[in-house]
Amino acid sequence: MSDQIKLERNSEAAEQLANREYKYGFVTDIEADSAPPGLSEEIIRFISAKKEEPEFMLEFRLKAFRHWLTLEEPDWAFVNYPAIDYQQIVYYSAPKAQGDGPQSLDEVDPKLLETYAKLGIPLKEQEILAGVVAVDAVFDSVSVATTFKGKLEELGIVFCSFSEAVKEHPDLIRKYLGSVVPYTDNFFAALNAAVFTDGSFVYIPKGVRCPMELSTYFRINAANTGQFERTLIVADDDAYVSYLEGCTAPQRDENQLHAAVVELIAAENSTIKYSTVQNWYPGDENGVGGIYNFVTKRGKCAGANSKISWTQVETGSSITWKYPGCILQGDNSVGEFYSVALTNNCQQADTGTKMVHIGKNTRSTIISKGISAGRGQNTYRGLVKILKGADGARNYSQCDSMLLGDRCGAHTFPYLDVQNRTATVEHEASTSKIGEDQIFYCQQRGISAEDAVSMIVNGFCKEVFSELPMEFAVEAQKLLGISLEGSVG
Amino acid sequence: MLSVKNLKASIDGTEILKGINLDVKAGEVHAIMGPNGSGKSTLAQVIAGRDTYEVTEGSVTYMGKDLLELPPEERAREGIFLAFQYPVEIPGVNNTYFLKAALNAARKHQGLEELDAMDFLMLVREKMKIIQLDEELLHRPVNAGFSGGEKKRNEIFQMAVLDPKLAVLDETDSGLDIDALRTVAEGVNSLRGKDKAIVVVTHYQRLLEHIVPDYVHVLADGRVVRSGGRELALELEKEGYSWVEQQTAGPAETRG
């Protein structure tokens, strides 16, 4: 069920948008405290020791590593890249610690703060801005600053780095780590389980509605360092949390491997909203130097009436391999996936979702918008699986593709597996291109061709942007080089 | 205001305009008539700057500037408006937002302050009355799902908001019933002014009953074959275009 569509006509404006240079390319020169390149049990023990982990974590890592050795790198995705030499990768890198971790932002290396400022993430300002967003910022592999923790603690909310959670809340980690994405899940998930260095942990207790958007900015910095984050979010009964993840990375020549794992667990009547804006370095116009982004994200609606909603805006990375999914186990639980993926130059994206309906009357919605420009290849790959017991399950999928220029491609691979007669599954797909006549029409009204393209692309993505929290929506639009739509009328 | 001299233009090597001469002064309304394929719409598109047509000879001067040197968006910002024969649909882009971006692009170009949301909304409300546009259309994507009549009305509404110096209406009457035609014509008439000019491209005489032109030019096979006052349109109506086409065999005669 694949359709490959190529544009026949070329659009100058589309090319210009596609050829825009990456705005956030720069490197800070903080000395890294790194492991030697390569992967072995020894390296894993080094990482675990460096992080002063309890025994169960080391065991988890070693089991994952031994399993990983038995796996082959998957090749079914619609992407091409040179073979990765896993023995050339540095699996641990941390900014030099000054004794214990910083107690406040004042103690954080000013250079780090400067880096964040360049990326438009002024932590100081955010702190002053009185608790709109709490940031658990990750620089390379170690958390360096956490704000608003005190406020959250009063409500019993845990929001900390993964390493801290391992030390402070080992029971929660033990209970939930690998419960949604087991280390046996896939090649990259196994690799992550073996070598992950840090990430975020969130726990929202029963009946608590998290009063602010939780946010983490990831950033890859040291050369040749694969970054393997691990994020675990647990919402207990009747809890609510909205979590934001955003990333940019500095320009460089070596490809960088990124294999994150995100696990979400939603108990009865709880809601988890997870939003991502991904803007890692996509490589130059020939695709050299971009990030390889192989991510496993999955949420489990474990309890009845629970809800998990994924929203992603993927504009960066040279390769994106990512399928945030939902296991709808609890009766009446709801899974949502809203996605914008933009590929230009030589970028390749193979992304989509998996919705697995287990419980009765479970519902899922999939809205995917793929934009291809330059020589970009954009693939939607999605699975909707309705198991025997999922009486009354419903799914609605809509996959739209937009093409800019005549050398890009859009592909759609929807997989449907329906085992229950009472289920309803709807799938809609469309492909459009930005036409010369549309651009000329805008130009005739005084709008430049470049702005016209931005405007049309933005209009195309509106349904997804409207799912993002306000500040993220703004960032997403910035990333697509678009002025804010709908501010009037 | 607009001076077209010996304009020749072709598409994919086929010459469509074969030496057009046209002079439009401020305050005037000119009608361009002619049979299908005579080059009426091509002339409108070339004035607006559509690059699918290649200008091979001649010149177009607008307010003292070489128009052919300017990209289409700058022509628009300088006050040229083309009401499209087939207005283009832009899904997902809000009609009002689109128009605000267009207006502010022009204002910025002219060194004026951009209108904020409130001021813009007031302007829109005022202009909507002129053209009797259904307010609901403001909130829909540009032309998406509009009926033929709604699209044409939306073009004139845009014209009202952008307030151009030179408006070129390309077959604005096609697809309009008689009531809609009257409304649109009234809208256009309200936008006439002594410092503005309008070029009406049309196949039929009926629009000219409502938008009364000062001059009528008849195009055939890429040339202006007759020019005259409004009575020329009536003559055409009576005699039909075959009468003109017979004349194109001989040398072009220009009057008026």
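Cut-offs applied
Along each chain, residue indices are assigned from 1 in the same order as the chain's sequence is written. Written order determines the labels here, with chains lettered from A and ligands numbered from 1. In view of the model being predicted, local features appear only for residues whose pLDDT reaches at least 70, and side-chain atom pairs are presented and counted only at 80 or more, with totals across whole chains, interfaces and linings using the full set of residues. Hydrogens and water are ignored here; the side-chain numbers use all heavy atoms of the structure. UniProt positions are given in the numbering used here, feature names are shortened, and annotations may be inferred rather than shown by experiment. A run of H or I in DSSP counts as a helix once it spans at least four residues, and a run of E counts as a strand once it spans at least two, with each numbered from the N terminus. Note on contacts: a residue pair is in contact if any heavy atoms of the two residues lie within 4.5 Å. Method for areas: the Shrake-Rupley scheme with a 1.4 Å probe, in which residue coverage is limited to the protein chains shown. Each residue is placed in one exposure class: buried if its accessible area under a 1.4 Å probe, protein chains only, is under 20% of its type's maximum, exposed if it is over 50%, and partly exposed if it falls in between. Pairing between strands is defined by DSSP: at least two bridges between the two strands are required. In this analysis, the protein atoms alone were mapped onto a 1 Å grid. Cavities are point sets where a 1.4 Å probe fits without being able to get out; pockets are open sets with protein on both sides within 12 Å along at least five of seven lines; lining residues have an atom within 4 Å of a point. Grid points are joined across faces, edges and corners, and a volume is the space filled by probe spheres set on the points. One side-chain nitrogen of Lys or Arg within 4 Å of one carboxyl oxygen of Asp or Glu is enough to make a salt bridge.

- The name given to chain B in an unreviewed UniProt entry is Fe-S cluster assembly ATPase SufC, with the source organism recorded as Candidatus Polarisedimenticola svalbardensis.

- In the nomenclature of an unreviewed UniProt entry, chain A is known as Fe-S cluster assembly protein SufB of Candidatus Polarisedimenticola svalbardensis.
- According to its UniProt record, chain A has this under Sequence similarities (unreviewed entry): "Belongs to the iron-sulfur cluster assembly SufBD family."

1. Focus: the overall build of chain A
Right, on to step 1. Along its length, chain A carries 12 helices and 24 strands.
Right, on to step 2. Considering only contacts within chain A whose residues lie at least 6 apart along the sequence, 84% involve residues at least 24 apart.
Right, on to step 3. By element, 47% of the accessible surface of chain A is carried by carbon and sulfur atoms, the whole surface being about 18600 Å².

2. Side note on unusual backbone geometry
Residue and element names in this part refer to chain A.
Right, on to step 1. One non-glycine residue, Asn332, lies in the positive phi region at around 60 degrees.
Right, on to step 2. Mapped onto the secondary structure, Asn332 falls in the loop between β16 (325-328) and β17 (334-343).
Right, on to step 3. You will see that Asn345, though not glycine, has its phi angle at about 45 degrees, which is positive.
Right, on to step 4. Overall, the relative accessible area of 11% leaves Asn345 in the buried class.

3. Concerning the environment of B:Ile198
All names here are of chain B.
Right, on to step 1. By the element assignment, Ile198 lies in strand β10 (residues 197-202).
Right, on to step 2. As a C-alpha pair, Ile198 and Arg107 span 91 residues in sequence and 21 Å in three-dimensional space.
Right, on to step 3. Non-local contacts of Ile198, meaning those with residues more than four positions away in its chain, are made with Glu28, Val29, His30, Met159, Ala167, Leu169, Val188 and Arg192.

4. Notes on the pairing of strand β4 (residues 54-62) of chain B
Residue and element names in this part refer to chain B.
Right, on to step 1. Sheet topology note: the strand β1 (residues 2-11)/β4 ladder contains 7 bridges and is antiparallel. Bridging across to β4, Leu2 finds its partner in Tyr62.
Right, on to step 2. Relative to strand β5 (residues 65-66), β4 is paired through 2 bridges, and the arrangement is antiparallel. When the bridges of β5 are listed, Thr61 appears paired with Asp66.
Right, on to step 3. The loop that links β4 with its antiparallel partner β5 comprises 2 residues; one of these, Met63, has a positive phi angle of about 50 degrees.

5. Focus: empty space enclosed by the protein
All names here are of chain A.
Right, on to step 1. Counting across every chain of the model gives 6 cavities of 30 Å³ or more.
Right, on to step 2. In terms of lining residues, the largest cavity is bounded by 16 residues, among which Ser368, Gly370, Asn378, Thr379 and Tyr380 are the most central.
Right, on to step 3. Breaking the lining of the largest cavity down by element, the ones donating at least two residues are β17, β20 (363-372), β21 (377-386), β22 (394-403) and β23 (409-418).
Right, on to step 4. It is β20 that provides the largest number of residues to the lining of the largest cavity, a total of 4 residues.

6. Quick notes on the pattern of salt bridges
Right, on to step 1. Counted under the stated rule, the structure contains 25 salt bridges over all chains.
Right, on to step 2. Between B:Glu136 and B:Arg140 there is a salt bridge, with the nearest N and O atoms lying 3.1 Å from each other.
Right, on to step 3. Using a relative accessible area of 40% as the deciding quantity, one classes B:Glu136 as partly exposed.
Right, on to step 4. Residue B:Arg226 pairs with B:Glu235 through a salt bridge whose shortest N-O separation is 3.8 Å.
Right, on to step 5. For B:Arg226, a relative accessible area of 6% translates into the label buried.
Right, on to step 6. Given a relative accessible area of 29%, B:Glu235 falls into the partly exposed group.
Right, on to step 7. Salt bridges sharing partners connect three or more residues here, namely A:Glu41, A:Arg45 and A:Arg66.

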